[in-house]
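Summary of structural features
Here are the chains, one letter per residue:
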Amino acid sequence: MLSQILVTLDGSELAERALPYAQQVVAPTGEIILLSVVDIPSFPIYTVYPMSVVAREPDYNTVVTDLLLSSKEYLESHANNLRLSGCRVKTIVKCGDPATCIIEEAQHLNVDTIVMSTHGRSGLSKWLFGSVTQKVLSAIPCPVIVIPGIVEKADQVEEEVTTVDA
């Protein structure tokens, strides 16, 4: 059993698949740390509005604040579910490059392991966007538990069953 586990969440169902694995390996007195990294551009992104729109464009700082707040709320909702099952949980939201922030936070907290999911990108997509998981694996000094990026949707399974029956 591990005493301090870092779980990375990005708002996707794939990332959330890491949560049950973290629950399985955390010690009864251990702690799960939920980390979300918001990759905010260092310059404002402006949207072109049609001339008929009177509302003005949101302020860059307001957008950043809203992103950070929604990330914190997202983590807290998962933290509350984990707490209901008896886990000790802490949440952290960081700004920056996801891989860099994950590595720095894991080193700063001296965690026993990182549990994260991979999005399963390959080919051109992996080349264009890179792989946060791969970057973390190549630079982190602690063990990393990687959950494969496969999500089954109930309606897809039902559709397959319907197709087989036909």
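Our subject is the structure that appears above.
A quick note: this is a predicted structure, and the numbers were derived from the prediction, not measured.

Rules used in this analysis
Residues numbered from 1 in each chain as written. Predicted model: local features only at pLDDT ≥ 70, side-chain atom pairs only at ≥ 80, totals over all residues. Heavy atoms only, no water. Buried < 20%, exposed > 50% of the residue type's maximum accessible area, 1.4 Å probe, protein only. Helix = DSSP H or I, 4+ residues; strand = E, 2+ residues; numbered from the N terminus. Arc of directions from axis to C-beta. Contact = heavy atoms within 4.5 Å. Pairing = 2+ DSSP bridges. Core = buried A, V, L, I, M, F, W, Y, C linked by side-chain atoms within 4.5 Å. Polar contact = N/O pair within 3.5 Å; in protein donor to acceptor, adjacent residues only side chain to side chain. Salt bridge = Lys/Arg side-chain N within 4 Å of Asp/Glu carboxyl O.

This part is about helix H2 (residues 18-25). Among the residues making up H2, those that are buried are Ala18, Leu19 and Ala22. One side of H2 carries all its buried residues, which in axial view fall inside an arc of 100°. Of the surrounding elements, those touching the buried residues of H2 are strand E1 (2-8), helix H1 (13-16), strand E2 (26-38), helix H3 (60-84), strand E4 (113-117) and strand E5 (144-147).

Moving on, we come to the pairing of E4. The side chains of a regular strand alternate between the sheet's two faces. Counting buried residues in E4 gives 5 out of 5 residues, a clear majority hidden from the surface. The two faces of E4 match: Thr113, Val115 and Ser117 on one face and Ile114 and Met116 on the other face are all buried. In this sheet, E4 lies alongside E1 in parallel orientation, the contact comprising 3 bridges. The residue of E4 that forms the bridge with Val7 is Val115. When E4 meets E5, the two strands line up parallel, connected through 4 bridges. Paired with Met116 across the strands is Val146, a residue of E5.

If you look at the biggest cluster of nonpolar residues, it comprises 18 residues, and the most contacted ones within it are Val7, Leu9, Ile32, Leu34, Leu82 and Val115. Those elements that place two or more of their residues in this core are E1, H2, E2 and H3. Counting residues per element, this core draws most heavily on H3, at 4 residues. Once residues within four sequence positions are removed from consideration, Leu82 is found in contact with Leu19, Gln23, Ile32, Leu34, Cys87 and Val89. Leu6, Ile92, Leu109 and Val136 belong to the second-largest nonpolar core, a separate cluster that totals 17 residues.

What follows deals with the side chain of His78. Topologically, His78 is positioned in helix H3. Classification of His78 by relative accessible area gives buried; the value is 15%. Within the structure, the side chain of His78 is placed 3.2 Å from the side chain of Glu16, a separation counted as a polar contact. If we skip the residues at most four places from it in the chain, His78 touches Leu9, Glu16, Leu19 and Leu34.

Before going further, it helps to spend a moment on the pattern of salt bridges. Under the defined criterion, the tally for this structure stands at 4 salt bridges. Ionic pairing is found between Glu76 and Arg83, a salt bridge with its closest N-O pair at 3.3 Å. Take Glu76: its relative accessible area is 24%, and that puts it in the partly exposed class. Between Lys94 and Glu105 there is a salt bridge whose closest N-O contact spans 3.5 Å. Taken as a pair, Lys94 in strand E3 (residues 88-95) and Glu105 in helix H4 (residues 98-109) lie far apart in primary sequence, 11 residues in all. Relative accessible area serves as the criterion here: at 32%, Lys94 is assigned to the partly exposed category.

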